[in-house]
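Geometric and topological summary
For reference, the chains in residue letters:
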Amino acid sequence: MKNLILLFFSALAWGCCETPKHEISLRPSEYVTTLVGTQSDYSLSTGNTYPAVALPWGMNFWTPQTGKMGDGWAYTYGSHTIRGLKQTHQPSPWINDYGQFSIMPVRGKDKVDENARQSWFSHQSETAKPYYYSVYLADHDVVAEMAPTDRAAVLRFTFPESDESGVVIDAFDRGSQVKVMPDSRTVVGYTTRNSGGVPDNFRNWFVIRFDKPIESSKLFDGEREIAGSSVEGGHALAAVYFTTRRGEQVTARVASSFISEEQALRNLETEVGDADFETVKARAQERWDEVLGRIEVSGGTEEQYRTFYSCLYRSTLFPRKFYEIDAKGNPVHYSPYNGEVLPGYMYTDTGFWDTFRCLFPLLNLVYPSVNAEIQAGLANTYRESGFLPEWASPGHRGCMVGNNSASVVADAILKGVTPAEDVATLYEAMLAGRDKVHPTVSSTGRLGHEYYNTLGYVPYNVGINENAARTLEYAYDDWCIAQVAKKLGKTDDVAMLEKASQNYKNLFDPETRLMRGRNEDGTFQSPFSPYKWGDAFTEGNSWHYTWSVFHDPEGLATLMGGKTEFGKMLDSVFVVPPIYDDSYYGFRIHEITEMQVANMGNYAHGNQPAQHMIYLYNYVGQPWKAQWWTREVMDRLYSSKPDGYCGDEDNGQTSAWYVFSAMGFYPVNPVEGKYQLGAPLFDKITLSTGPEKKFVITANKESDRHIYVQEVYLNEKKLDRTWITHEEIMNGGELKFVLSTRP
């Protein structure tokens, strides 16, 4: 078997032509295209993204809106018309949006509702960058542009000659208000439309200030026109009008707040003030260059640069700031958990089931000061709700499984990122989450904890779906908490938690050598198909979830009969055909389709449970297979095109996988403080690890075929292991890979 596999990997044709390398010639932000992943729909995801015009981790994002109001697919690449320029906080089409309203330049006083005002556009007249968006709206003969700040934006419209030029402000339905104040060239209002996870007093207040006098205006509640200067109702809209000459530009300065109208105005004055469009645009680009430039790459192709920096852009959007700066310059936030305005940090819009795997390890490695604020915000979440979040948008949301906040919190504490004053609170929060479940959001806390804490697993037959997935993730989470307990000297807790971390063994079926649901009486679920998606698992099958023993791959290998058998089982994932059983769902979910079309057997990179498994070859002495498959995934399943992902991008997780793998290492177990080595994609990567500190990764990548590692040197000393520590990277230095065309 080994000889056959060697023959396959070494003899596979690479093609007769090498793609030429290019020297970096642009600013990092210029390599980013925000359209990657937008060629998606409900049935097939190539990212399920939208072109976010924002600052890194900014509170407000802006996007062109092609979908109708409330459509989670706010922008799709295949659409032909734009309905508005939308302030958005949407982390995923499946979670949908909140704090949303749109602005649309129009020509014609009858172009108000979203159908009447929509305009044809072409990608040929569209520019989509993180710091800037521009599009020609053909039906109105208007060029619309956007440039962002954290909590504000500047929009610029170039109008035709018309006495019916205008701007429509749509505060959306489900309760909203708009007020026009011509004397100050200002429109204010609020929107309440949301998709859950908010208290009853939730509002997003906005203020829009124009640089041209408002000549006239119209107000609507839905389709009904309202007299006066203010409208409050189910669906408030306002249209303001100007007379323009051809080529005249009208600027709208916009900001919002979750706290108050007064705070929205403060955000506008603080972040924009009198700055013109070009100034705001330049500041935004400088900020993106600063953030993206923390990792410098060279010795790659133009396409590799574009893919890498587009992935790094996606890795630095979420979680977003949900705090604002008060009149005294202090952070303050509206709590999406109790509805109060409170001091301190808050971040939101991330699902830890996805992002604990490598997005948060990337933050700890490259942007620790940002994650320090995020961790302070998690401590506030616990204080305000009694739980750590698992999926927050903006408050607790019912989505996915696991208690993976433990991994996110433990990783930051052990790497010295968490503010010292929050460590005790966060440790208390992790322990508390083991023994309870949120009363209304069952994905927060631990559903089935009473079974897990007594039987050592969540049973298959007690009415708790996706029970095996929960058990496996709870066991890993317990290991994470145990490491913090060790650091804090909590001896009794360590013993209890380390014992619980071995609960994954309770689901291992020696007959199939796979994880399998187990009934309350100890028998395994029957019938059993390793190809069945869902049921005992979450958005995957047993072939995907069996490897979710991040903390003890060696123990899993022992259960399978040793390293050789473990390696054979890993091989099998890529060898077995992409067959599936979708009977749990009753239809083929998009993740199944994405696995099928990838042509990698039953390996499903388009969803998170299996994304680490390629690197498990390192644990069984077969690192060359990890090197092969990581390059295959990077080359085949990622690009800088609108269909550039192989499934949901998921708030930075799938992008962070590419960023790590391109650098040549990956955090299989984020909390362990080790990174498993692969092979770098570029000749040179320079990682800024602190003031005056650099960690430089080099490789003699003479051709695209040089993917196999022969030797690795750390600071000129040969490594005899397939991993490197977090501390070694943060200390700075050089990691040198010697590559070859053969294993």
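Figured I'd write up the structure that's included with this text. (Residues numbered from 1 in each chain as written. Predicted model: local features only at pLDDT ≥ 70, side-chain atom pairs only at ≥ 80, totals over all residues. Heavy atoms only, no water.)

Before going further, it helps to examine the side chain of D509. Tracing the chain through its elements places D509 in strand β27 (residues 508–509). Here D509 falls in the buried class, since its relative accessible area comes to 3%. Engagement of the side chain of D509 in a polar contact is seen with the side chain of R516, the distance being 2.9 Å. With residues up to four places along the chain from it excluded, the contact list for D509 reads L514, R516 and F524. (Helix = DSSP H or I, 4+ residues; strand = E, 2+ residues; numbered from the N terminus. Buried < 20%, exposed > 50% of the residue type's maximum accessible area, 1.4 Å probe, protein only. Polar contact = N/O pair within 3.5 Å; in protein donor to acceptor, adjacent residues only side chain to side chain. Contact = heavy atoms within 4.5 Å.)

Within a beta sheet, neighbouring strands are joined by backbone hydrogen bonds and run either parallel or antiparallel to one another. Across the sheet, seven strands lie side by side as β1-β3-β4-β10-β17-β14-β15; this open sheet has antiparallel pairing. Of all the strands in the sheet, the pair left with one neighbour each is β1 (61–65) and β15 (224–226). Mean inter-strand twist for the sheet, computed between neighbouring axes without regard to direction, equals 25°. Pairing analysis gives six bridges linking strand β14 (residues 216–221) to strand β17 (residues 236–244), with the strands arranged antiparallel. Bridging from a neighbouring strand, S217 pairs with V240 of β17. (Pairing = 2+ DSSP bridges. Axes fitted to C-alpha atoms, helices over the stretch in contact; angles between N-to-C directions.)

For helix α17 (residues 590–598), the tally of buried residues reaches seven of nine residues, placing the bulk of the element in the interior. Among the residues making up α17, those that are buried are H590, E591, I592, T593, E594, M595 and A598. Tucked into the core, α17 has its buried residues touching α14 (542–545) and α18 (623–637). Two residues or fewer after α17 comes N599, characterised by a positive phi angle close to 60°.

Pairing is antiparallel across the open sheet formed by three strands, whose spatial order is β21-β22-β23. Two strands close off the open sheet at either side, each with one partner strand: β21 (324–325) and β23 (341–343). Bridge analysis of β21 against strand β22 (residues 331–334) gives two bridges, and the strand direction is antiparallel. Paired with E324 across the bridge in β22 is V332.

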